[in-house]
Amino acid sequence: MSDNKYTFKDFKSDQEVRWCPGCGDTAVLMSVQKAMAELDHKKEDYAVISGIGCSSRFPYYMNTYGFHGIHGRAGVLASGVKTANPKLSVWQITGDGDALAIGGNHFIHEIRRNINLNILLFNNQIYGLTKGQYSPTSLFGQVTKTSPYGTVEQPFHPGELVLGAQGKFFARTIDTKVKETTDILIKADKHVGTSVVEILQNCVIYNDGAYNNITSKETRDDNQIWLEHGKPMLFGKDKQKGLIVDGMKLRVVHLSDRISEENILVHDAHEPDPSLHLALINMRVGLGFPVAFGIIRQVEAPAYDQLIEQQIEEVKSKSKIKNMDDVLNSGSTWVVE
Amino acid sequence: MAKKIIEVDEVVVKFAGDSGDGMQLTGTQFSDTSALLGDDISTFPDYPAEIRAPVGTVGGVSGFQLHFGKIVDNPGDFCDVLVAMNPAALKANIRWVKDGGTIILDTDSFTDKNFAKAGFQQENLKEIYQDFNVIQAPMTTLTKETLVNSGLDNKSMVRSKNMFALGMVYCIFDRPLNYTEKFLDKKFVKKPNIAESNKKTLRSGFNYAVTIHAMPSYRVHSSNSLEKGRYRNMNGNTAAAWGLLAAAEKANLPFFLGSYPITPASEILVEISLRKDLGAKSFQAEDEIGGIVTAVGASFAGNLAATSTSGPGLALKSEAIGLAVITELPLVIVNVQRGGPSTGLPTKTEQSDLFQALYGRNGESPVPVIAASTPSNCFDYAFEAGKIALEHMTPVLLLTDGFLANGTEPWKIPSMADMPVIKHKIKPKGEGEYLPYKRDPETLAREWAIPGTEGYEHRVGGLEKMDLTGNVSYVPENHELMTKYRADKVQNLENVFPELKVEGDEDADLLVIAWGSTYGHITTAVRELNKEGCKVAHAHFNYINPLPKNTADVFGKYKKHLVCEMNLGQFAGYLDMKHPKFEYHKFNKIQGLPFTVVELKEKFKQLTGKN
Ligand code: SF4
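This one's a predicted model, so the numbers in the text were calculated from it and none came from an experiment. (Residues numbered from 1 in each chain as written. Chains lettered and ligands numbered in written order. Predicted model: local features only at pLDDT ≥ 70, side-chain atom pairs only at ≥ 80, totals over all residues. Heavy atoms only, no water.)

Moving on, we get to the overall build of chain A. Helix and strand counts for chain A stand at 11 helices and 12 strands. For chain A, whose C-alpha radius of gyration is 22 Å, the value lies close to the compact-globule estimate of 20 Å for 337 residues. Relative to its full complement of 337 residues, chain A shows a buried share of 55%. Taken together, the 36 basic and 40 acidic charged side chains of chain A have centroids lying 2 Å from each other. (Helix = DSSP H or I, 4+ residues; strand = E, 2+ residues; numbered from the N terminus. Rg over C-alpha atoms; globule rule 2.2 N^0.38 Å. Buried < 20%, exposed > 50% of the residue type's maximum accessible area, 1.4 Å probe, protein only. Lys, Arg positive; Asp, Glu negative; His and termini not counted. Charge placed at Lys NZ, Arg CZ, Asp CG, Glu CD.)

Structure follows, in structure tokens:
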């Protein structure tokens, strides 16, 4: 565990934070700084890499190595950094536009490759930086600057994409839940492979209250379920509600004389079969379910960068070629006397 | 009857057949054997555009041309000897045979059916018989007869017929068979029967040529012009890949290539993928953008990073090149040009990406542009691109093209000890404060701090940077300052780039100006004209942005300036902008094919008034 050589303050840069007052990004910044302070890496071994969007300003506020890239390319930028220098702890900061629209292709492929880095996906269901156009996660019918009569597009559910791309680690959290988020981020960093953490982030300016039905005081107990590996899937004010499997589907039940805690599903994040994880990811308030939070899926698999290093070692140990002179003189050559 | 012996200084041979006929291998064998005998050589393969075009059609013809002899600078315009394995191969190549040249046909393939597939008439053959020295050899039948006791099935026997053709050509040029015999033993080490059958067919072809009297015999005056040393055949793509690896080794940095397969640049990615033994990393990205952006990431992380592509891919990479420009990170972009626009002519050569390389980005986005001019000097210019990138902290664009990428020539193998030193800009650990945008006063290059180095934590990115600190800055004066720094940094390279040299007659009136892959053909044309007493000089550019410092001085010595290039005049336009006081005549070709020496000579003569 951590030897506490750092506090979160060590990770603050001297740059003034320019997000709108009340923006959910500020709380996430705190969570990341806390997580980094607790993890075992040296400060100089962190690299924070982003694309374009409000959240992508993140690297400037971190006193670590950082790279603010171009729109949609956070995934490939981070993949290059990690592959080239696998000792680094690489944190990719991206949003719903950056990762799922312009950078959608890179997003699925980095997950498929399972590069050992952390993707923090700030999902605010809107384009903030360009001032309020709908994003690939905006709800069907949502009225925005570019959908004045409501969108006619179905939104992506990031977790579904992650699983479709053979993702091994998917967690969901809420911007304001600093403690939970910090904990999830620590686990995400320790997980070997691509760890995707979807952060439901409130944009106070262009999509304020998008998650109110999940996060408000009145609704949060019934509409959030925090999953923990090995623990029963209980929620509600006094943990009186739970999830069971009925046929092929999940069902919400109330604990009673007939249904005890033993009947409730126990969360197994390590199960390689993604079916139940997908069902958990897809639970939505409108469908009569709570929204799942915490680490929903965490399955071990070799990471791309590890495999590359291994392959290099193997080939090096077998090959007669040790340097460029050997390459230049390899194969068919002849001497002119 | 005594055999006709033709004495020549150089000769061009082309092997052409169906893509399944093994013509590339046949040509490579002939070229390797000639190289071993000390000839100067230049080769060019002519692949069909479709991977599996219907057998026997013109679209499916695969060719391999080689030019060898005393001094050879290009694969040759017209061939002295053409081997055509079917009517389609003959039809596709007849226009490239010299008047009175020799054509060897596999008559077994000249059936009505194959004539029909090729859209060629028996009638056409009659004319060909009049104009050329045609040798008819029933190669398929003779191969089968040779192998009748080999135990091979019919298909495997027929597959050896390229060796019969090779044997015949070896005889014509009096070449030994032992190099190819050894090659076959090695290639089929696990299938000794196939090795034996191929060798037997090779000898059989050779002997057949000895016995038929219509066969001419060439005596090619050997070169002896090649410098002493160890040689290998080199093509442009392998050379470019190795040049990059050599630069990384010389700079003592890990190497990273981010790339996406594209014709005709894919072999660079293939070559780098092989070099895990040197620790090189190749990242085959999901698209062209991913190719370059992973490379930018790798550069940030402290590798010598590169990306390889062709025109359409370069278009997709534009934005990311701009990112490397503003973050001032070292990066090499190799663009193997092909016919455009759009998908254009993927397998054909052109020089039409020059403007894209110079200007194809948003904003003021200067990038050094250099160009290789022979297949083997792709090595030197890739190395040079790496050196410039690392020493000046900038992306560098290296232009080659399909002609250089696939062409080969003998290359004297350099020793890494003789390659120039590369001094990268990495700031060593523990040297006080790190300011990301503090510059070397002379080169204006910034220092490079590698993630993982204690105390140098910093942020870079695509937003405008404050001078020195690298913090985001919208200060108007700062933007202008930084824009000028970036421009001056590139322009200052003229102080380190070598001067422009002139070949040919220094006191000529006409200066032929060119860049990139046209070097070989123009050199031959100028040399031949000089010999004929026609005064022409030739200035060839490998450094394009910035131009060599002495460019105007050199141009000023000549009365007429002719710019030759395989596009509609992009370099001429660029020169006109940089050095407007000269009038530039233009000679352009956009057929997906290199200039021929013949057409160049015509044009030069016309301009010298010698026509
Ligand atoms: S626009 Fe929205 S997402 Fe962007 S900084 Fe403001 S509140 Fe945050």
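Looking only at helices and strands, chain B has 21 helices and 23 strands in total. Scaling as 2.2 N^0.38, a compact globule of 611 residues should have a C-alpha radius of gyration of about 25 Å, and chain B matches this with 27 Å. Here the C-alpha coordinates of chain B stretch approximately 85 × 60 × 45 Å along the principal axes. Each of the 611 residues in chain B was classed as buried or not, and the buried ones make up 63%. Counted over contacts in chain B with a minimum sequence separation of 6, partners at least 24 positions apart contribute 76%. Counting only carbon and sulfur atoms, one obtains 51% of the accessible surface of chain B, whose full area is about 23400 Å². (Contact = heavy atoms within 4.5 Å. Areas by Shrake-Rupley, 256 points an atom, 1.4 Å probe, with all protein chains shown as cover.)

Here we take up the sheet that holds strand E9 (residues 241-246) of chain A. Backbone-to-backbone hydrogen bonds join strands into a sheet, with any given pair of strands oriented parallel or antiparallel. Residue and element names in this part refer to chain A. Taking strand neighbours across the sheet as the criterion, the 3 strands line up as E8-E9-E10 in an open arrangement whose pairing is antiparallel. Of all the strands in the sheet, just strand E8 (234-235) and strand E10 (249-254) have a single pairing partner and so form its edges. For E8 and E9, the ladder comprises 2 bridges, and the chain directions are antiparallel. Directly across from Leu234, in E9, lies its bridge partner Gly242. (Pairing = 2+ DSSP bridges.)

This brings us to the site of the ligand. In the vicinity of the ligand, the residues found are A:Trp19, A:Cys20, A:Cys23, A:Cys54, A:Asn124, A:Gln201, A:Cys203, A:Val204, A:Ile205 and A:Tyr206. Of the residues assigned to the shell around the ligand, the class counts are 8 nonpolar, 2 polar and no charged. (Near = heavy atom within 4 Å. Nonpolar A, V, L, I, M, F, W, Y, C, P; charged D, E, K, R; others polar.)

In an α-helix, one full turn covers 3.6 residues, which means residues spaced three or four apart are oriented alike. All names here are of chain A. Counting buried residues along helix H4 (residues 104-113), 7 of its 10 residues qualify, which places the element largely inside the surrounding structure. Where H4 is concerned, the buried positions are Gly104, His106, Phe107, His109, Glu110, Ile111 and Arg113. Just downstream of H4, Asn114 is the residue with a positive phi angle, here 60°.

Residue and element names in this part refer to chain A. Within strand E1 (residues 46-50), 5 of the 5 residues are buried, which leaves it mostly tucked inside the rest of the structure. Of the two faces of E1, the one holding Tyr46, Val48 and Ser50 and the one holding Ala47 and Ile49 are both buried throughout. Bridge count between E1 and strand E3 (residues 89-95): 5 bridges; the pairing is parallel. By the bridge assignment, Tyr46 is partnered in E3 with Ser89.

Turning our attention to the pattern of salt bridges. Here the idea is simple: oppositely charged side chains can pair when their charged atoms come close. Evaluation of the coordinates by the stated rule reveals 35 salt bridges over all chains. The partner of A:Glu228 in a salt bridge is A:Lys231, with the nearest N and O atoms 3.2 Å apart. A salt bridge links B:Lys70 to B:Asp9, with the nearest nitrogen and oxygen atoms 4.0 Å apart. Of this pair, B:Lys70 sits in the loop between strand E4 (61-69) and strand E5 (79-84) while B:Asp9 is found in the loop between strand E1 (5-8) and strand E2 (10-18), placing the two residues 61 residues apart along the sequence. The partly exposed category is assigned to B:Asp9, whose relative accessible area is 36%. Members of the salt-bridge network, linked through shared partners, are B:Lys14, B:Asp46 and B:Lys348. (Salt bridge = Lys/Arg side-chain N within 4 Å of Asp/Glu carboxyl O.)

To continue, consider the domain arrangement of chain B. Residue and element names in this part refer to chain B. Each assigned domain of chain B is listed with its residue range as follows: domain 1 (5-220), domain 2 (232-418) and domain 3 (502-608). Taken over C-alpha atoms, the centre of domain 1 sits 36 Å from the centre of domain 3. Taken together, the contact pairs 8 residues of domain 1 with 11 residues of domain 3. The contact between domain 1 and domain 3 buries some 700 Å² in all, and 53% of this surface belongs to carbon and sulfur atoms. The largest contributions to the domain 1 side of the interface with domain 3 come from Asp73, Asn74 and Asp77, which together make up 62% of the buried area. Linking domain 1 to domain 3 there are 1 salt bridge. With its nearest N and O atoms 2.8 Å apart, the salt bridge here joins Asp73 to Arg527. Our count for the domain 1 to domain 3 interface comes out at 5 residue pairs in polar contact (both at pLDDT 80 or more). When the residues that make up the side of domain 1 that touches domain 3 are grouped by side-chain class, the tally is 4 nonpolar, 1 polar and 3 charged. (Domains from an automatic or database assignment. Buried area = accessible area lost by both parts, 1.4 Å probe. Polar contact = N/O pair within 3.5 Å; in protein donor to acceptor, adjacent residues only side chain to side chain.)

What follows concerns unusual backbone geometry. For the bond running from B:Thr263 to B:Pro264, omega is 0°, close enough to zero to count as cis. Along the polypeptide, B:Pro264 turns up in the loop between strand E10 (255-259) and helix H11 (266-274). Note that the residue after B:Asn545, namely B:Pro546, is joined by a cis bond; omega there is -5°. Relative to the elements of secondary structure, B:Pro546 occurs in the loop between strand E21 (543-545) and helix H19 (551-556). Phi is positive for A:Asn114, which is not a glycine, with a value near 60°. Summarising the element assignment, A:Asn114 is placed in the loop between H4 and strand E4 (118-123). Exposure remark for A:Asn114: the relative accessible area of 5% places this residue in the buried category.

Here the focus is the side chain of A:Glu44. Tracing the backbone shows A:Glu44 in the loop between helix H1 (24-38) and E1. Buried within the structure, A:Glu44 lacks any salt-bridge partner; A:Lys42 is the closest side chain of opposite charge, at an N-O distance of 4.7 Å. Each residue touching A:Glu44, except ones within four places of it in the same chain, is listed here: A:Tyr6, A:Tyr65, A:Leu88, B:Pro451, B:Gly452, B:Thr453, B:Glu454 and B:Glu457.

Per-chain confidence: chain B averages 95 in pLDDT, with 99% of residues scoring 70 or above. For this predicted complex, the interface confidence comes out at an ipTM of 0.97, alongside a pTM of 0.96. (pLDDT = per-residue confidence, 0-100.)

Attention now moves to the interface of chain B and chain A. Counting from both sides, the interface comprises 70 residues of chain B and, opposite them, 58 residues of chain A. Carbon and sulfur atoms make up 62% of the surface buried where chain B meets chain A, a total of about 5300 Å² over both sides. The three residues of chain B that bury the most area against chain A are B:Lys276, B:Glu286 and B:Arg459, which together make up 14% of that side's buried surface. Inspection of the chain B/chain A interface yields 3 salt bridges. The interface formed by chain B and chain A contains 28 residue pairs in polar contact (both at pLDDT 80 or more). At the level of secondary structure, the elements contributing two or more residues to the side of chain B that touches chain A comprise helix H1 (23-36), strand E9 (229-235), helix H10 (236-251), strand E11 (281-284), helix H12 (288-300), helix H13 (311-327), strand E16 (408-412) and strand E17 (459-461) of chain B. A total of 8 residues in the side of chain B that touches chain A trace back to one element, the largest contributor, which is H12(B).

Attention now goes to the packing of helix H5 (residues 139-146) of chain B against helix H7 (residues 161-172) of chain B. A pair of packed helices can be characterised by two numbers: the angle between their axes and the separation between those axes. Residue and element names in this part refer to chain B. In the contact formed by H5 and H7, the axes pass within 9 Å of each other and the chain directions differ by 105°. It follows from the interaxial angle that H5 and H7 lie roughly perpendicular. Contacts between H5 and H7 involve Met139, Thr140, Leu142 and Thr143 from the former and Lys161, Phe164, Ala165 and Met168 from the latter. Here the residues of the contact of H5 with H7 sort into 5 nonpolar, 2 polar and 1 charged. (Axes fitted to C-alpha atoms, helices over the stretch in contact; angles between N-to-C directions. Parallel < 35°, antiparallel > 145°, perpendicular 65-115°, else oblique.)

This part covers helix H2 (residues 74-84) of chain A. Within H2(A), 11 of the 11 residues are buried, which leaves it mostly tucked inside the rest of the structure. Within the sequence span of H2(A), burial applies to A:Ala74, A:Gly75, A:Val76, A:Leu77, A:Ala78, A:Ser79, A:Gly80, A:Val81, A:Lys82, A:Thr83 and A:Ala84.

A word on a positive patch on the surface. Residues B:Lys155, B:Arg159, B:Lys187 and B:Lys191 make up a contiguous surface patch of positive charge. You can see B:Arg159 is positioned in helix H6 (residues 154-159). (Patch = residues over 30% accessible without salt bridge, like charges linked within 9 Å, V, L, I, M, F, W, Y side chains within 5 Å.)

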